[in-house]
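Secondary and tertiary structure notes
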Amino acid sequence: MISLDSGSCLFPYHRIYDSSVNQYFLQLSYYRQINLYILLMSGFTQVHKGNSSAEFNLRAEEYQTVLQEFRQKLAGVSAHGSVAAVEKHRSRGKLLARERINLLVDAQTPFLELSTFAAYNQYDNAFPSAGIITGIGVVNGRECLIIANDATVKGGTYIRETIKKHVRAQEIARQNKLICIYLVDSGGIYLPEQANVFPDRFDFGRVFYNQARMSAEGIPQLSVVMGSCTAGGAYVPAMSDETIIVRNQGTIFIGGPPLVLAATGEEVTSEELGGAEMHTAISGVADHMAEDDVHALKLCRDIVAGLPIPEKQRLDIQPVREPLFPMEELAGLLPTDLKKPINAHAIIERLVDGSEFQEFKANYGKTLVTGFARIWGFPVGIIANNSFLTSESSLKGTHFIQLCVQRKVPLIFLQNITGFIVGKKYEHQGIVRDGAKLINAVANASVPKFTIVMGGSFGAGNYAMAGRAFDPHFLFMWPHARISVMGGEQAAGVLRSIGSNGSTGSLLDEFEEQSSAYYSSSRLWDDGIIEPADTRKVLAMAISVSLNRPFGEASYGVFRM
Ligand code: COA
């Protein structure tokens, strides 16, 4: 019987504890080198309750409903496949995908799981988490990107969102130079969906292209074959730098026994055709044979331990200090009605070390709040919406991004944006020209960018605030957040004004559904939904991950003056 008790805190991030995040940093050899652990243990401040107004209490209460709904949905999508599929899986002596990850990562460290809501509310909810678990964990002191097929979900086969999630995880690995570990247990493409997943640029083939390109860049690619690995999927272990396969359990072949029989008349067992003994002794497709899942994961940990440590981006890291105001208070600051404003300063105070925020241009372009702070000891530059974007606030944002890039300070975008200001006066002043400067700076910023959608994300404001198309290293949404080209009511108004005679009611319903965080996360428009109170921890881990690749040098396009 395998005990998982001593493993990590492998649960969705809303159960990540501060102590486990400390453990995450303690495990990183890089931090051990600079003795940060002494710093991590120091400097905790007395937290005091900051707000108890009637409006605050009401909002906090309303937000509890949002959080309860989120937790319930999260538990649902984190529960693997059907009971029968889980039983069948276990009866074969196999661990579940999340249990495997739990044993792979260092004890008591959190796993930053990504896109848990992939495929949510699609395909009759038959693909929880799109049948694949991705995220970042510490393995023998190294931050690794882990991709694990969930064989209890339709045999671990790939639909469009599975591929998007796999490819997005690889992109994160590439952008942050993270070792990739594939825990393979998949029947390949989900055949009824083949037309949606097979031939296009970012379809299934991209998985193997990425492996080849990352291997060429010196980013280690490791596979552990713990079940099926059929057809195209066979190339995941074959394209890896080193591959482990479990005896009497893992198989790798282009076509399984039924296909071979039909095509050639040859009768052969799975083990003969592509089992562990065959691949480690005869074909050389795999390199190491493991006795079972636990042994395979141990072998993988041993391989990671021997990998060279890459050059890190050095930052001036200071002792960690708690914010002066509890993060749980964020809930009381968030209106569930997005038409009401969110006080950016109050949010920042609850996210940053010591609630200390060195504001830049506090009196200019006040609809955008910019300034320097620290999160878990890391220096950050924060850009937060405090209303729509104006010419002044766009120029201020552009200036601030240049400062951060020059000083090599990571950028945090806190999005709550209805868009750029509209009207004749503002068009004449050149709002588009100034907005273009901000978009240019965001696109070309050579420091890591992290985006949190804390309210609405509408229109071109989404671009200027490092939306998905602007390649932030990570983008997370809060559960009540919304994203769409404009609000439903505005869209209905525009359509009416151009003479469209569609039903306003159904349009509003559509916008309501399609702008929700769950709709976004289901389609991989973000890297996941997180609770506001976990934002600090998630950002700390994300910043740490981004230091695995030295930041680039400043370079911008032509700024329209
Ligand atoms: N496409 C569509 N559905 C598939 C599938 C595929 N490639 N592979 C498995 N499934 C479905 C099964 O129909 C079953 O669905 P259900 O839960 O609705 O009954 C579910 O996944 C589990 O499959 P099952 O065969 O019962 O489980 P298993 O654990 O015994 O075997 C596989 C899993 C993947 C080894 C086996 O299903 C298989 O060999 N599939 C075909 C693989 C293949 O040839 N792929 C080529 C595509 S590139």
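The buried count for strand β12 (residues 449-458) comes to ten of ten residues, which makes it a mostly enclosed element. Pairing geometry for strand β11 (residues 411-417) and β12, over six bridges, is parallel. If you follow Ile412 over to β12, its bridge partner there is Phe450. Two strands pair when backbone bridges link them, and β12 and strand β13 (residues 474-477) are joined in this way by four bridges, in the parallel orientation. Its bridge partner being in β13, Ile452 is matched across the sheet by Phe476. Both β12 and strand β14 (residues 482-484) contribute to a ladder of three bridges, which runs parallel. For Phe458, the partnering residue across the bridge sits in β14 and is Ser484.

You'll often see interface size given as the accessible area lost when the parts meet. Assigned domains within the protein chain: domain 1 (100-305) and domain 2 (327-546). For domain 1 versus domain 2, the distance between C-alpha centres works out to 35 Å. With 19 residues of domain 1 at the contact, the number on the domain 2 side is 21 residues. When domain 1 packs against domain 2, close to 1700 Å² is buried across both sides, 58% of that on carbon and sulfur atoms.

Residue placement: Asn444 occurs in helix α18 (residues 431-444). On the basis of relative accessibility, which here comes to 30%, the residue Asn444 falls in the partly exposed class. Sequence separation between Asn444 and His288 is 156 residues, and the spatial gap between their C-alpha atoms is 43 Å. Asn444 has contacts with Ser555, Tyr556 and Gly557, leaving out every residue within four places of it along the chain. Within polar-contact distance, the side chain of Asn444 engages the side chain of Asn440 at 2.7 Å.

As a further point, take the packing of aromatic side chains. Inspection of the entire model under this criterion finds 18 aromatic pairs. When the ring of Tyr24 is compared with that of Phe25, the centres are 5.4 Å apart and the planes differ by 75°; the resulting orientation is edge-to-face. The same class applies to Tyr24 as to Phe25, namely buried. Between Phe204 and Phe208, the ring centres sit 5.3 Å apart and the planes meet at 75°, which makes this aromatic pair edge-to-face. In this structure Phe204 comes out as buried when scored by relative accessible area, which is 6%. In this structure an aromatic cluster arises from ring pairing among Phe70, Phe117, Tyr120 and Tyr518. Across the ring face of Tyr364, the terminal group of Lys361 is positioned such that the distance to the ring centre comes to 5.1 Å. Above the ring of Tyr519, the side-chain terminus of Arg523 is found at 3.4 Å from the ring centroid.

A few words now on helix α15 (residues 344-351). Count 3.6 residues to each turn of an α-helix, and residues three or four apart come out pointing the same way. In terms of burial, α15 is largely enclosed, as six of its eight residues are buried. Those residues of α15 hidden inside the fold are in contact with β9 (368-375), β10 (378-385), β11, β12 and α23 (535-546). Backbone nitrogen of His345 and a side-chain oxygen of the N-cap are separated by 3.0 Å at the start of α15; the cap is Asn343.

Near the ligand there are 13 residues, and of these Arg92, Lys154, Gly187, Ile189 and Leu191 occur at the shortest range. In this structure, an oxygen atom belonging to the ligand sits 2.6 Å away from a side-chain N or O atom of Lys154. In the complex, the protein chains occlude 53% of the 850 Å² of accessible area that the ligand would expose alone. In terms of residue class, the shell around the ligand is built from five nonpolar, five polar and three charged.

Reading the values: rules and limits
Residues numbered from 1 in each chain as written. Predicted model: local features only at pLDDT ≥ 70, side-chain atom pairs only at ≥ 80, totals over all residues. Heavy atoms only, no water. Buried < 20%, exposed > 50% of the residue type's maximum accessible area, 1.4 Å probe, protein only. Helix = DSSP H or I, 4+ residues; strand = E, 2+ residues; numbered from the N terminus. Pairing = 2+ DSSP bridges. Domains from an automatic or database assignment. Contact = heavy atoms within 4.5 Å. Buried area = accessible area lost by both parts, 1.4 Å probe. Polar contact = N/O pair within 3.5 Å; in protein donor to acceptor, adjacent residues only side chain to side chain. Phe/Tyr/Trp six-rings, centres within 6.5 Å; stacked < 30°, edge-to-face > 60°. Lys NZ or Arg CZ within 6 Å of the ring centre and 35° of its normal. Near = heavy atom within 4 Å. Areas by Shrake-Rupley, 256 points an atom, 1.4 Å probe, with all protein chains shown as cover. Nonpolar A, V, L, I, M, F, W, Y, C, P; charged D, E, K, R; others polar.

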